[in-house]
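Now for the letters of each chain:
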Amino acid sequence: MMNVRKKSGLFAPHAFDYIVSAVLLLFALGCLYPFVHMLLISFASEGDYYSAVTIVIPRHFTLNAYAFVLLESRIGLSFLESVLITGIYIVYALFLTSLGAYALTKTQMPGHKIFFAFILISMFFGGGLIPFYLTVRGLGLIDSWASVIIPFGINSFYMIILRNFFKQVPDSVLEACKLDGANEFTIFLRFVLPLSKAALITIGLFYLVDKWNDWYWPMIFINSSEKYPLALEVRNILSGTSSIDYSASDLSYRSGKEAATIILSIIPIAMIVPFAQKFLVRGVMIGSVKE
Amino acid sequence: MRHTASPNTMRKPLGKRMREYGIVYAMIVPVIAFYLVFAYFPMYGIVISFKEYYASRGILGSEWLDPVWKNFSWLFEQEYFVRALRNTIVISLLKLVTCFPIPIILALFLSEIPFRRLRRGIQTMMYLPYFFSWAVIASIVYSLLATNNGMVNNIITLLGGERVNFLTEERYFYVLLIFAEIWKNAGWGSVIYVAAITNVNADLYEAAKIDGCSRLRMMRSITVPSILPIIVVLFIMQVGGIMNAGFDPVFNLYNASVYNVADILDTYIYRLGIGSGEYERAAALGLFKAVVNIVLLLGCNTLVKKLTGQGMYE
């Protein structure tokens, strides 16, 4: 951000700055508002909701919608299951991805080009949905959580980003390790990984967001509604195929309950992303560096 | 990636060089196994589009079709295929003219904001929707547009209009889709351009200031030309991805009453394969799409190489 600061420092703020700021602020608030709207609905009583024309004001603040969603439906459970699936997935995917990314930094290794081409081809060309589905089915993974974890161990784009991060570990460090007699695996484990913490956090965050939000593969691979992760429960509200009876008569009302489900599904991401922004932005920047 | 082995290592015999990397080879075994099972085996699985596939007989044991391209000729005669192809191209082009330039404009003006904390706040707010799933985004769109007490329709009636069912009318679908796309992706899409603008040489602005340039003039004559290379690369990549109109947004925003304008190749493959269980035909359509995709991408890569001296993927 150095140059931006320097550049804007050239000028004392004047009308142009205020107009630009106001317009962009309006756009940003427009991006944010729909989520706030859902949050308000989730806290509003049925009366509040139906008497509102634009902004729903929860005059009769209530947690009934959350009480229903968390205690009387399986949403609370699916939230915990999603945490578990996402957690296991991140560890598994980071492990596989960093192994591959490290090997990709070894440009002088015989076979490096073949290995790189092997990965590149799969980025350009793939079997498509049906052959992939049949593969996963053939492995007997259908209707298990493993089906949404194991087949997604490596995202090739992330692996290349991670490789670019690993490349930043100074060669002198690696050479010194080698002279001390450390083997490649020790170097990887003891030096490259600890020196690339920020990189692992960045890629870990990308994997976290992907898996937490994944409704598509669970929709295809998981049949039993008692195994649905939270993201799929949200999708099922949308398609009207939810196994949860949102119209059940209790203290809360349908729109409120649906809003509460949506809010629960976005809370973890909404809490992480603003603080992790620095890492995520750096990931994009490293990803756009070509070598 | 150029091969940069020094003459010294080149002189060592291959066997010796390979032994040096023995552990690295062991480390990539699981990686290679992963790609073989989940990327290369499905590629082999494409042959079912030329076969009468029975799960019990496996891919090898299933009979070849007569003629083998039977599924393809069936497909190309389908009205639905033509419709999906047309919609895919229309939606991609629409996105190219609307969703592509907006992040650039956002980045240009964002970089002009001198109030640092405000700028960061704006960025955080506009990046956020990108990190939620399309299911969430579409659910909220549905809620805001609902005929029954949706905010948008409430405003329309307040202004004396009639409630509109935006979700089931063909003519609103593209507007809806583009709006949702911009809401979700435009902010985050600006990151790469903001980064590029940050790298522009600040001396250029100093000099322009001395010459009495206005801010907008600087934007036009310094900033835009400086980030043009990255704009061109991203533009060409976008063109190369024209067959990918985006499964997620369409699938979450469409319904049977708007299939006519909304159904794209990816959603058609899904309904054909997963919905109706016509594996071979859906696989055939998948192959068609993959082949067109790779031709477009390689063509674009060559183009980028010509323009910038560097490919996108090496």
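Residues numbered from 1 in each chain as written. Chains lettered and ligands numbered in written order. Predicted model: local features only at pLDDT ≥ 70, side-chain atom pairs only at ≥ 80, totals over all residues.

### Observations regarding the overall build of chain B
Item 1. Each helix and strand counted, chain B has 18 helices and two strands in total.
Item 2. Here the C-alpha radius of gyration of chain B, 25 Å, is well above what a compact globule of 314 residues would show, namely 20 Å.
Item 3. The principal-axis extents of the C-alpha atoms in chain B amount to approximately 75 × 75 × 35 Å.
Item 4. Across the 314 residues that make up chain B, the buried fraction comes to 36%.
Item 5. In chain B, the proportion of contacts linking residues at least 24 apart, taken out of those at least 6 apart, comes to 65%. (Helix = DSSP H or I, 4+ residues; strand = E, 2+ residues; numbered from the N terminus. Rg over C-alpha atoms; globule rule 2.2 N^0.38 Å. Buried ≥ 20, exposed ≤ 12 C-beta atoms within 10 Å, placed from the backbone. Contact = placed C-beta atoms within 7 Å.)

### A word on the overall build of chain A
Item 1. Within chain A, the regular secondary structure consists of 14 helices and zero strands.
Item 2. Since a compact globule built from 291 residues should have a radius of gyration of about 19 Å, the 24 Å found for chain A marks it as more spread out than a globular shape.
Item 3. With respect to the three principal axes, the spread of C-alpha positions in chain A is 75 × 65 × 35 Å.
Item 4. For chain A, the proportion of its 291 residues judged to be buried stands at 42%.
Item 5. In chain A, of all internal contacts separated by at least 6 residues, the share reaching a separation of at least 24 is 73%.

### Remarks on the interface of chain B and chain A
Item 1. Each partner contributes to the interface: chain B provides 83 residues, whereas chain A provides 84 residues.
Item 2. The element that contributes the greatest number of residues to the side of chain B that touches chain A is helix 3 (residues 22–45) of chain B, accounting for 14 residues.
Item 3. A breakdown of the residues in the side of chain B that touches chain A according to their chemical character gives 61 nonpolar, 16 polar and six charged. (Nonpolar A, V, L, I, M, F, W, Y, C, P; charged D, E, K, R; others polar.)

### A closer look at the environment of N185 of chain B
Residues and elements named next belong to chain B.
Item 1. Inspection of the secondary structure puts N185 in helix 11 (residues 170–189).
Item 2. Of the residues examined, N185 has 19 C-beta atoms within 10 Å and is grouped as partly exposed.
Item 3. Measuring from C-alpha to C-alpha, the distance between N185 and C99 comes to 8.3 Å, with 86 residues separating the pair along the chain.
Item 4. Once residues within four sequence positions are removed from consideration, N185 is found in contact with C99 and Y130.

### Points about the domain arrangement of chain B
Item 1. Along its sequence, chain B is organised into domain 1 (7–64) and domain 2 (75–308).
Item 2. With five residues of domain 1 of chain B at the interface, the matching set in domain 2 of chain B holds five residues. (Domains from an automatic or database assignment.)

### Observations concerning the nonpolar core
Item 1. If you look at the biggest cluster of nonpolar residues, it comprises 148 residues, and the most contacted ones within it are L162 and V234 of chain A together with L285 of chain B.
Item 2. Take this core: its biggest share by element is twelve residues, from helix 5 (residues 75–105) of chain A.
Item 3. Not counting residues within four places of it along the chain, the set of residues in contact with L162 of chain A comprises T97, S98, A101, A199 and I203 of chain A. (Core = buried A, V, L, I, M, F, W, Y, C linked by C-beta atoms within 7 Å.)

### Describing the packing of helix 5 of chain A against helix 3 of chain B
Item 1. Closest axis-to-axis distance for the helix 5 of chain A/helix 3 of chain B pair is 9 Å, and the angle between their directions is 125 degrees. Judged on the interaxial angle alone, helix 3 of chain B and helix 5 of chain A are oblique. As helix 5 of chain A packs across helix 3 of chain B, the resulting crossing turns out to be left-handed. On helix 3 of chain B, the residues touching L96, L99, G100, Y102 and A103 of chain A of helix 5 of chain A are V24, M27, I28, P30, V31 and F34 of chain B.
Item 2. Tallied by class, the residues present in the contact of helix 5 of chain A with helix 3 of chain B amount to ten nonpolar, one polar and no charged. (Axes fitted to C-alpha atoms, helices over the stretch in contact; angles between N-to-C directions. Parallel < 35°, antiparallel > 145°, perpendicular 65-115°, else oblique. Left-handed = near helix turned anticlockwise from the far one by under 90°.)

### Quick word on the domain arrangement of chain A
Residues and elements named next belong to chain A.
Item 1. When the domains of chain A are assigned, the result is domain 1 (13–62) and domain 2 (73–291).
Item 2. Contacts between domain 1 and domain 2 engage eight residues on the former and eight residues on the latter.
Item 3. Elements that contribute at least two residues to the side of domain 1 that touches domain 2 include exactly helix 2 (15–43) and helix 3 (46–51).
Item 4. With five residues, the single largest contributor to the side of domain 1 that touches domain 2 is helix 2.
Item 5. Of the residues assigned to the side of domain 1 that touches domain 2, the class counts are six nonpolar, one polar and one charged.

### Things to note about helix 14 (residues 254–288) of chain A
Item 1. For helix 14 of chain A, spanning 35 residues, the distance from its first C-alpha to its last is only 45 Å, which falls clearly below the expected 51 Å at 1.5 Å a residue.
Item 2. The largest bend in helix 14 of chain A amounts to roughly 70 degrees and is located at A276 of chain A. (Expected span 1.5 Å × (residues − 1). Bend = angle between axes of the 7 residues up to and from the residue.)

### A word on unusual backbone geometry
All names here are of chain B.
Item 1. Note that the residue after D66, namely P67, is joined by a cis bond; omega there is -10 degrees.
Item 2. Looking at where P67 falls in the secondary structure, it is placed in the loop between strand 2 (63–64) and helix 5 (70–77).
Item 3. Phi angles above zero are rare outside glycine, and N149 is one such case at about 65 degrees.
Item 4. Here N149 falls in the partly exposed class, since 17 other C-beta atoms lie within 10 Å of it.

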